[in-house]
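Coordinate inspection notes
Spelled out, the chains give:
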Amino acid sequence: MMEFLSYIMPKLAWAIPVCLLFFAGYIAYKICESNKTDAYIKDHGINIDATITEVNPDEIQEVNNRIVALVSVKYNFGGMLINAKRGLRYYLTDKEKFKPGKMIGIRVHPDKPTIFYYIGYENGRL
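Rules and cut-offs
- Every chain begins its residue count from 1, and numbering advances along the sequence as written.
- It should be noted that, the model being predicted, local features are given only for residues of pLDDT at least 70 and side-chain atom pairs only at 80 or more, the latter also being counted only at that level, while totals for whole chains, interfaces and linings use all residues.
- Water and hydrogen atoms were dropped before computing side-chain values, which therefore reflect all heavy atoms in the structure.
- The criterion is simple. A nonpolar core is a set of buried Ala, Val, Leu, Ile, Met, Phe, Trp, Tyr and Cys residues joined through side-chain atoms within 4.5 Å.
- Each residue gets one of three labels from its accessible area relative to the maximum for its type: buried under 20%, exposed over 50%, partly exposed in between, using a 1.4 Å probe on protein chains only.
- Every helix listed is a DSSP run of H or I at least four residues long, and every strand listed is a run of E at least two residues long, numbered separately from the N terminus.
- By definition, residues are in contact when any of their heavy atoms lie within 4.5 Å.
- Contacts described as polar in this section are N or O atom pairs within 3.5 Å, which, within protein, must combine one atom able to donate a hydrogen with one able to accept it, while residues neighboring in sequence count only if both atoms come from side chains.

Core analysis: the largest hydrophobic core is formed by 20 residues, its most contacted members being Val71, Val73, Tyr75, Ile104, Ile106, Phe116 and Tyr118. Those elements that provide at least two residues to this core are strand E1 (46-57), strand E2 (66-77), strand E3 (80-91), strand E4 (103-108) and strand E5 (116-118). Tallying contributions element by element places E2 first for this core, with 6 residues. Not counting residues within four places of it along the chain, the set of residues in contact with isoleucine 106 comprises Ile46, Asn47, Ile48, Ala50, Tyr75, Phe116, Tyr117, Tyr118 and Ile119.

Attention now moves to the side chain of histidine 109. Note that histidine 109 resides in the loop between E4 and E5. A polar contact is formed between the side chain of histidine 109 and the backbone nitrogen of lysine 112, at a distance of 3.1 Å.

What follows is the structure in C-alpha cells.
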C-alpha cells in the first residue's frame, strides 16, 4: 500500500493545481462571454419597461451601502409575456424602488428576449 501511495502522490501533486487553473480559466471565459453579451445588448437592444415580480436580497453581500439582490421581472416582448431574472446591485436609499409591482427600465436582447440588463443600475449575475 505504501508503494502505491508513494507512486501516486507525486502525480496528484500537479493534478490539483492544474484542475484549479482550468476552473479559474473557465470562470474568466464565462465572465468575458457575459460582458460581450451585455455589450451587444447595449448596442442593439430594445428598451422596455418591466414589472418587478420578486426581489430576493442576498443578506450576506451588503457592501458599501449597496444591496445585492436577484430581481425577477415580467415584460411583454413581441406579444410574448416573459418572466426573467437577473442579479442587481442598488443603494440602500433606492430600496423603495425595488418592490413587487414597481416598474423598472430594462434593455432586452433582440434575438433572445429572456436575456436583458437593467438600465441605470449595476447589473450582475448571481
